Protein chains: 2
Amino acid sequence: MKRTELIDNIFRKGSFLCVGLDPDIAKIPAEIKGTPAERILAFNKAIIDATAPYCVAYKPNTAFYECHGAQGWQALADTIAYIREKYPDQFIIADAKRGDIGNTASRYARTFFEQLNCDAVTLAPYMGEDSVRPFLEYPGKWSIILALTSNPSAGDFETIQDNKGLALYQRVIRTSRHWGNPVNTMYVVGATRAESLAEVRRLAPRHFLLVPGVGAQGGSLEEVARYGMIDECGLLVNSSRGVIHASTGADFAEAAATSARKLAETMAGLLPKDAE
Amino acid sequence: MKRTELIDNIFRKGSFLCVGLDPDIAKIPAEIKGTPAERILAFNKAIIDATAPYCVAYKPNTAFYECHGAQGWQALADTIAYIREKYPDQFIIADAKRGDIGNTASRYARTFFEQLNCDAVTLAPYMGEDSVRPFLEYPGKWSIILALTSNPSAGDFETIQDNKGLALYQRVIRTSRHWGNPVNTMYVVGATRAESLAEVRRLAPRHFLLVPGVGAQGGSLEEVARYGMIDECGLLVNSSRGVIHASTGADFAEAAATSARKLAETMAGLLPKDAE
């Protein structure tokens, strides 16, 4: 999906919500029967149908599928195909955090962009440009590079200052923003570090930011918008558990819709008014 | 597998060779028929049977399986199961370079240690301790953390000096060596930077190092041993293409055996003589 289409969808729907499809098998309602992979797919379809009006993106996390083996991988492929067919205006992110080089990176790119037909994949920058370049060769596809995450140990390396006074995440953005551009690159920036979003914006004024950590992890939507939003929005804010497992009962789909709708309502009030 | 078992296997076989199972479908001989996944599995079995006497570890790279979808993932699982059953003394490394946190990292650990029953998985350290900790909770299993890789863009971040004069890879080792210990943690150090192995050894004197880049990528086995070997060996040196695709003809298995045997013969001469 092109950047202009994504922006159009955001302003048309009044939402920059990304729903994280991280199905926890222990929280899928007992009413949904079958093998783990069958239950995940049926659950995902119901969640997608319930939340599609309120979000512009879905982000399945590969770990939640891989842990169910080949059938789990098929459930991931079937989930993505379902979104593609029924909701073609949704931006699909494989949250895979891959990071490898050369012919390995090319195969990951083929996996997520050709096999699974995602719009974007999350990538770890540790190994440098070699680990991102093969993904940038796909027109219309996106690399979403880890910058500053919201976990407690982000300080182990991400915020360590180098000999020029740059934190590692700042250097990652400064270096990698020249590999691609704002139509094929985004950055992951955790919502629990909203004040750092201002610094990220200084380094990447036009890039979209994928912001996890709102909801279960404690980040504030208002803070994220204050520091991260630009006239074209420039934000995809993700909520996973807070939406998809809002209820573990038979009302799980309605509860997910309600949770997503509330987030979208708040988001509509935060979007720039004169953008279109 | 325990560290002591791995060391015993190395000295018993006179080899610290790890064979990278990165099957390139375009290089699998035409004689092997079937779907891509069937061809990969049949190819891998022949390669494993041919090389098992000369190596102590296998390292399937997940990208080469994922790019063939759910069937590819099944071929990965079947390959690992084949090694487990027929060659129980082989150390199995999932070269997955995963790096995520919390409940996601736990699921990756479950995937590679429970579902696939690997001994070890390669991990990217960018997000810090949270991205490694869940893997260290499995007794007898190993985390192999990216430190200094052999690709050209390793200099983008890995060798950048921080404000204390430490390169990022040095800081990664200094910090992460305290998360686990030499019985559950290894480091990836590229063979094309053999002189840096001396520095890695200073920081991690007892840890095993997984060294890719010998062969196709140009590293020298003698240099690696000179700078990286300890009395318990402490090295697993990987060769992928140079072994498994030594020939693309009908003699591919013999060619792989020959290539692995030559590496093992060199390795036998490099192992410390008085260790056992």
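First, a word on what this report is: a plain description of the structure on this page. (Residues numbered from 1 in each chain as written. Chains lettered and ligands numbered in written order. Predicted model: local features only at pLDDT ≥ 70, side-chain atom pairs only at ≥ 80, totals over all residues. Heavy atoms only, no water.)

Right, let's talk about the environment of A225 of chain B for a bit. Residues and elements named next belong to chain B. Note on placement: A225 falls in helix α9 (residues 221-228). Placed 101 residues apart in sequence, A225 and A124 show a C-alpha to C-alpha distance of 25 Å. Residues contacting A225, with those up to four places away along its chain left out, are L235 and L270. (Helix = DSSP H or I, 4+ residues; strand = E, 2+ residues; numbered from the N terminus. Contact = heavy atoms within 4.5 Å.)

So, about the nonpolar core. Membership of the largest hydrophobic core comes to 204 residues, with the highest contact counts inside it found for L236 of chain A together with L236 of chain B. With residues up to four places along the chain from it excluded, the contact list for L236 of chain A reads L6, I10, F16, V56, A57, F91, I93, M186, F208, L209, L210 and V211 of chain A. (Core = buried A, V, L, I, M, F, W, Y, C linked by side-chain atoms within 4.5 Å. Buried < 20%, exposed > 50% of the residue type's maximum accessible area, 1.4 Å probe, protein only.)

Turning to helix α4 (residues 69-86) of chain B, a few remarks are in order. Over its 18 residues, α4 of chain B extends 26 Å from the first C-alpha to the last, a length consistent with the 26 Å expected when each residue adds 1.5 Å. Of the residues making up α4 of chain B, those classed as buried are G69, A70, G72, W73, A75, L76, T79, I80, Y82 and I83 of chain B. (Expected span 1.5 Å × (residues − 1).)

Considering all chains together, one arrives at one cavity of 30 Å³ or more under this definition. As a volume, the largest cavity reaches approximately 100 Å³. Around the largest cavity sit 15 residues that line it, and I160, D162 and L168 of chain A together with I160 and D162 of chain B are the ones nearest its centre. When contributions to the lining of the largest cavity are tallied by element, the ones reaching two or more residues are α7 (168-176) of chain A together with α7 (168-176) of chain B. (1 Å grid on protein atoms, 1.4 Å probe; cavity = no way out; pocket = protein on both sides within 12 Å on 5 of 7 lines; lining within 4 Å. Points joined across faces, edges and corners; volume = space filled by probe spheres on them.)

Moving on, we get to the relation of the copies chain B and chain A. Each copy superposes on the other: chain B lies on chain A with an RMSD of 0.0 Å after a rotation of 180° and an axial shift of 0.0 Å. Here the symmetry operator amounts to a two-fold rotation axis. Taking C-alpha positions as the reference, the residue of chain B nearest the rotation axis is D162 of chain B, at 1.7 Å. A shared binding surface is used by both copies, with 100% of the interface residues of chain B retained as interface residues in chain A. (Least-squares fit on C-alpha atoms with pLDDT ≥ 70 in both.)

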